Amino acid sequence: SARVSSGPWLSLSLFVGNTMRTEICSFSGLKVYPGHGTRYVPCVSVQSTRPIFPFLSRKTESLFHQRLNPRKVRWTALYRRLHKKGSVEEVTKKKTRKVQKVQRAIVGASLEVIRAKRNQKPEARAAARDAALREIKERNKKKAAEKKAAAPKAAAAAAPKQQAPKQVVKKSKPAATSR
């Protein structure tokens, strides 16, 4: 393992355009600005695919090598995020507006008619409902009677048309064969 200090050769690659490219400390989660901190390279082989760990200070590097959990160290960003400390934007509860009931007229009935029906007493409403049901039943009975009266006329009109008799196929017995 090797410890690489950041130097002028590293800080040049950290400037991209007008913005400064900062890294995040592997232990604390804080920003490491160009020219600051150290980097820990686990294996110094040429074809190493292991990650390079940037650290903010020797303190963070030491705690990392001691295998301390950053979630349990109070000053790290991970601890603060986990325990909801110092969140900049506090979520405010949205005020729920009370829904105001607005009565509107329905097509075919004005607002006055609707209010009058609502203010009716239950007995009057039940009587009106029964009267309406009786009227509907009478109408249905008239329609049924008209259909019955029209049925014999329709049958008489259809009588001249005679259907062709269905052909009946008689089955013949198979001829007896002798052996």
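For the structure itself, look to the data block above.
Keep in mind the model is a prediction, meaning the values are calculated, not measured. (Residues numbered from 1 in each chain as written. Predicted model: local features only at pLDDT ≥ 70, side-chain atom pairs only at ≥ 80, totals over all residues. Heavy atoms only, no water.)

## Quick look at the overall build of the protein
Here is the rule: Runs of E in the DSSP output that reach at least two residues are strands. Runs of H or I that reach at least four are helices, and both are numbered from the N terminus. A 1.4 Å probe rolled over the protein chains alone gives each residue an accessible area, and that area as a share of the maximum for its type sets the label: buried under 20%, exposed over 50%, partly exposed in between. Residue contacts follow a heavy-atom distance rule, with two residues in contact if any of their heavy atoms lie within 4.5 Å. Per-residue and other accessible areas follow the Shrake-Rupley method at a 1.4 Å probe size, with only the shown protein chains counted as cover for residues.
In terms of regular secondary structure, the protein is built from five helices and seven strands. Of the regular secondary structure in the protein, the N- to C-terminal order runs β-α-β-β-β-β-β-β-α-α-α-α. Put simply, the protein has 179 residues, and 14% of those count as buried. Of the contacts made within the protein by residues no fewer than 6 positions apart, 43% connect residues no fewer than 24 positions apart. Of the roughly 16900 Å² that the protein leaves accessible, carbon and sulfur atoms contribute 56%.

## Description of the environment of Pro34
Along the chain, Pro34 turns up in the loop between β5 (31–32) and β6 (38–41). For Pro34, a relative accessible area of 14% puts it in the buried group. Note: C-alpha distance between Pro34 and Glu23 (eleven residues apart in sequence) is 8.2 Å.

## Some thoughts on helix α2 (residues 58–65)
Worth spelling out the cut-off: Think of the arc as the fan of directions from the helix axis to the C-beta atoms.
Along α2, the residues that are buried comprise Thr60, Glu61 and Leu63. Taken around the axis of α2, the buried residues stretch over an arc of 165°, which confines them to a single face. One or two positions beyond α2, positive phi appears at Arg67, with a value near 60°.

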